[in-house]
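Remarks on the overall topology
So the chains spell out like this:
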Amino acid sequence: MDPMVAPGTPNVAGRATEKRGYAVPMDQHDRPGRPAADRGPDSGAGGVAVADRQQRRRWRRRVSGTLDLIRANPTGRITLKIFIAIAGAIVVTVGVALIPLPGPGWLLVIAGLGIWAVEYHWARRLLTFTRRHVHNWTEWAKSRSLPVRLVLGSVGLVFVAVVVWLSLKYSLGIDVVARVMHYLATH
């Protein structure tokens, strides 16, 4: 049976691309980390969770099909690479700028890596490395006793407070500690 017209695998983007004369690899959904088109609904989960997973899979297939359609055209492939590079660079740059300031700096850096990971293998490997180490750190911290977790949380809060204080002092010229001490001395 022709994989382009196999029942249960709606690949409109692939068929449209093939009609235009471009070759679209059909085995991409079998790669690790991609949802298989012929998989049925997950068993053993509640109704809402299954529907949510199916909706995410549908969304992923649609995005994957659109990216395959863009990559099938040589001009589209180059345009996509340039767009991904610029979008990822903007998000990573904003994230790096926000690291010393109060805000989601590291989260934006990781999001920028996720954008780059769509098109670049090195970013995909770095993102996997980061996820693995964050997960290992989280599991290690969760396996500790409550007093140790409280100390880890306190150290984290003190670190964030020092970073915020230094950022305000040297970037905006506002010394919060001096103002608090002055307020306490005068009132």
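The structure we're discussing is the one just above.
We now turn to the structure provided with this report. (Residues numbered from 1 in each chain as written. Predicted model: local features only at pLDDT ≥ 70, side-chain atom pairs only at ≥ 80, totals over all residues. Heavy atoms only, no water.)

Now for the packing of helix α4 (residues 105-117) against helix α5 (residues 121-142). Here α4 crosses α5 at 140 degrees, and the two axes come no closer than 7 Å. In terms of their interaxial angle, α4 and α5 are classed as oblique. Between α4 and α5 the crossing geometry is left-handed. Between α4 and α5, the contacting residues are Ile 110, Leu 113, Gly 114, Trp 116 and Ala 117 on the first element and Trp 122, Ala 123, Arg 124, Leu 126, Leu 127 and Thr 130 on the second. Class assignment of the residues belonging to the contact of α4 with α5 gives a composition of 8 nonpolar, 2 polar and 1 charged. (Axes fitted to C-alpha atoms, helices over the stretch in contact; angles between N-to-C directions. Helix = DSSP H or I, 4+ residues; strand = E, 2+ residues; numbered from the N terminus. Parallel < 35°, antiparallel > 145°, perpendicular 65-115°, else oblique. Left-handed = near helix turned anticlockwise from the far one by under 90°. Contact = heavy atoms within 4.5 Å. Nonpolar A, V, L, I, M, F, W, Y, C, P; charged D, E, K, R; others polar.)

As enumerated under the stated definition, the model contains 3 aromatic pairs in all. Summarising the aromatic geometry, the rings of Trp 116 and Trp 122 are spaced 5.4 Å apart at their centres and angled 50 degrees between planes, so their arrangement reads as tilted. Judged by centre distance (6.3 Å) and plane angle (35 degrees), the rings of Tyr 120 and Trp 122 are tilted. According to the relative accessible area criterion, Tyr 120 is buried, its value standing at 19%. These aromatic residues form a ring-pair network of at least three members: Trp 116, Tyr 120 and Trp 122. (Phe/Tyr/Trp six-rings, centres within 6.5 Å; stacked < 30°, edge-to-face > 60°. Buried < 20%, exposed > 50% of the residue type's maximum accessible area, 1.4 Å probe, protein only.)

Below, the discussion takes up the pattern of salt bridges. Applying the stated rule across the entire model yields 4 salt bridges. In this structure, Glu 119 and Lys 81 form a salt bridge, with 3.9 Å as the shortest nitrogen-oxygen distance. Within this pair, whereas Glu 119 is found in the loop between α4 and α5, its partner Lys 81 is found in helix α3 (residues 74-98), the two being separated by 38 residues in sequence. Between Lys 142 and Glu 139 there is a salt bridge; the shortest N-O distance is 3.4 Å. Separated by 3 residues within a single helix, Lys 142 and Glu 139 lie in helix α5, roughly one turn from each other. A single salt-bridge network, built from bridges that share partners, covers Asp 68, Arg 71, Lys 81 and Glu 119. (Salt bridge = Lys/Arg side-chain N within 4 Å of Asp/Glu carboxyl O.)

Along the chain, the position of Trp 116 falls in helix α4. As for Trp 116 and Ala 87, which are separated by 29 residues in sequence, their C-alpha atoms are 8.2 Å apart. Every residue in contact with Trp 116, bar those within four places of it in the chain, is listed here: Ile 84, Ala 85, Gly 88, Ala 89, Val 92, Trp 122 and Ala 123. Engagement of the side chain of Trp 116 in a polar contact is seen with the backbone oxygen of Ala 85, the distance being 3.2 Å. (Polar contact = N/O pair within 3.5 Å; in protein donor to acceptor, adjacent residues only side chain to side chain.)

Another aspect to go through is α3. In a regular helix each residue adds 1.5 Å, so 25 residues correspond to 36 Å; α3 covers 36 Å between its end C-alpha atoms and thus fits that length. Within the sequence span of α3, burial applies to Gly 76, Leu 80, Ile 84, Gly 88, Val 92 and Gly 95. Sitting at the amino-terminal end of α3 is Asn 73, which places a side-chain oxygen 3.1 Å from the backbone nitrogen of Thr 75. (Expected span 1.5 Å × (residues − 1).)

Turning to the side chain of Arg 71, a few remarks are in order. Summarising the element assignment, Arg 71 is placed in helix α2 (residues 47-72). On the accessibility criterion, Arg 71 (17% relative accessible area) is buried. Among the polar contacts listed, one links the side chain of Arg 71 to the side chain of Glu 119, at a separation of 3.0 Å.

Take α4 next. Taking 1.5 Å of rise per residue, the 13 residues of α4 would be expected to cover 18 Å, and the 18 Å separating its terminal C-alpha atoms lies within 8% of that figure. Buried residues belonging to α4 abut α3 and α5.

Position of Gly 88 relative to the elements: it lies in helix α3. With 26 residues separating them along the chain, Gly 88 and Gly 114 place their C-alpha atoms 7.9 Å apart. When sequence neighbours within four positions are dropped, the list of residues in contact with Gly 88 reads Gly 112, Ile 115 and Trp 116.

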